[in-house]
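# Architecture at a glance
Single-letter residue listing:
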Amino acid sequence: MTTSDRPGRRPAGNATTRARTRTRGGRHLATLTLLLAAVSAMIPAQAALAGENGPQPFVRARAEAAVRAAYAQAFTGDQDPAHSLAAVEDGPDLAATLAQATQNFPQATQTSQVTVSNIAFDGPRDARLRFHLSYQGGVDFGEVDGTALISGGRWKVSRTTYCTVMSWAGATCPVKPGRQPRNPAAARTAVAQAYTQAFTGGQDPAHSLAAVDDGQNLAATLAQATQNFPQATQTASVTTSDIVFTDPSHAALRFHITYQGGIDFGVTPGNALIVDGRWKVSRSTYCTVMGWAGATCPTP
């Protein structure tokens, strides 16, 4: 009988094995404890995020109050314009729009009040709602849909909603800039040059139409406009302003064509785009101008 065969006796090596087993077990337990602690720490954060979407009553109530306060600040009359616009997305860019609305309907803009209802949150930063503007000296548009969002760390009236309201007063918001061309200054010059080439009178028609999107198919339209108003088309000149790039290959702007022997349509919105590597007047803008002279563009 060997030592290992005797009852109650084990090789000395088993003690080492038990020690290693206890060590591994302790490590596994420590790892499990750390995992449980990490999961426990995540639960409050997840609950907070869920609360931002509205399920938790106290979070929702606070967000609703902030949305109502933004609408009240933006649309209550007889306030400092800068204070009103501070509650609007891109508000500083819309000062001229608010000034135009105030000039068009001073009584309405001075007496306006707003009520907000049915606020619903689409996420932690966006809300849908219904609102009603009441005022004196203007048409009542009733209760309409609106949106709000977090901008600059606070709830604000969305630019889209605010510009809709301004349009009720005959005021137009400027186009919102998008991603810019590589060289914005050169692109603005190219857009202005395209409008000059397209709308300056007394030029070869092919030269004018080379600066227009799909210009090669609009020769008959230009010929009809020239026949209808020869003096206007021969004396036309154009100025451009407020060129804004909505993306690197599209621009919105305002332009004014002056001429003799026709109605002055004033400053008008227009568009330009890159075609075949160069800036051109958009087909829709060109056809609008031709329409002033009683000429119709063919169906594209």
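We now turn to the structure provided with this report.

Definitions and cut-offs
- Residues numbered from 1 in each chain as written.
- Predicted model: local features only at pLDDT ≥ 70, side-chain atom pairs only at ≥ 80, totals over all residues.
- Heavy atoms only, no water.
- Phe/Tyr/Trp six-rings, centres within 6.5 Å; stacked < 30°, edge-to-face > 60°.
- Helix = DSSP H or I, 4+ residues; strand = E, 2+ residues; numbered from the N terminus.
- Buried < 20%, exposed > 50% of the residue type's maximum accessible area, 1.4 Å probe, protein only.
- Disulfide = S-S within 2.5 Å.
- Salt bridge = Lys/Arg side-chain N within 4 Å of Asp/Glu carboxyl O.
- Pairing = 2+ DSSP bridges.
- Axes fitted to C-alpha atoms, helices over the stretch in contact; angles between N-to-C directions.

### Points about the packing of aromatic side chains
One pass over the full model with this rule turns up 12 aromatic pairs. Relative to Phe131, the ring of Phe75 lies with its centre 5.9 Å away and its plane at 0°, an arrangement referred to as stacked. With Phe75 in helix α2 (residues 57-75) and Phe131 in strand β2 (residues 126-134), this pair connects stretches of sequence that are 56 residues apart. Seen from their ring centres, Tyr195 and Phe199 are 5.7 Å apart, and the 55° between their planes marks the pair as tilted. Placement of the pair is Tyr195 and Phe199 together in helix α7 (residues 184-199), with a separation of 4 residues, close to one helical turn. In this structure, Tyr195 and Phe199 share a single accessibility class: buried. Connected via pairs of aromatic rings, a cluster forms that spans Tyr71, Phe75, Phe131 and Tyr162.

### Digging into the state of the cysteines
Scanning the model with the defined rule gives 2 disulfides in all. A sulfur-sulfur distance of 2.0 Å marks the disulfide that ties Cys163 to Cys173. With the S-S bond torsion at -105°, the cross-link from Cys163 to Cys173 turns out left-handed. Within this pair, whereas Cys163 is found in helix α6 (residues 159-168), its partner Cys173 is found in the loop between α6 and α7, the two being separated by 10 residues in sequence. Residue classification places Cys163 among the buried residues on the basis of a relative accessible area of 17%. Between the sulfur atoms of Cys287 and its disulfide mate Cys297 the distance is 2.0 Å. With the S-S dihedral at roughly -105°, the linkage between Cys287 and Cys297 falls on the left-handed side. One end of the pair, Cys287, is in helix α11 (residues 283-292); the other, Cys297, is in the segment after α11, with 10 residues separating them in the sequence.

### Looking at the pattern of salt bridges
Considering all chains together, one arrives at 8 salt bridges under this definition. In this structure, Arg128 engages Asp122 in a salt bridge whose closest nitrogen and oxygen atoms are separated by 2.9 Å. Of the charged contacts in the structure, one is a salt bridge between Arg130 and Asp145, with a shortest N-O distance of 2.8 Å. Here Asp145 lies in strand β3 (residues 143-151) and Arg130 lies in strand β2, a separation of 15 residues in the sequence. Taken together, the shared-partner salt bridges connect Glu89, Asp90, Arg159 and Lys176 into one network.

### Focus: the sheet that holds strand β4 (residues 154-157)
Where strands meet in a sheet, backbone hydrogen bonds hold them as pairs that are either parallel or antiparallel. Taken in spatial order, the 4 strands make up an open sheet running β1-β2-β3-β4, and their pairing is antiparallel. Sheet topology places β1 (113-123) and β4 at the edges, where each strand pairs with a single neighbour. Put simply, the sheet's adjacent strands are angled 30° from each other on average, direction ignored. Relative to β3, β2 runs antiparallel, the two being bridged by 7 bridges. Residue Arg130 lies in a different strand from β3, and its bridge partner there is Asp145.

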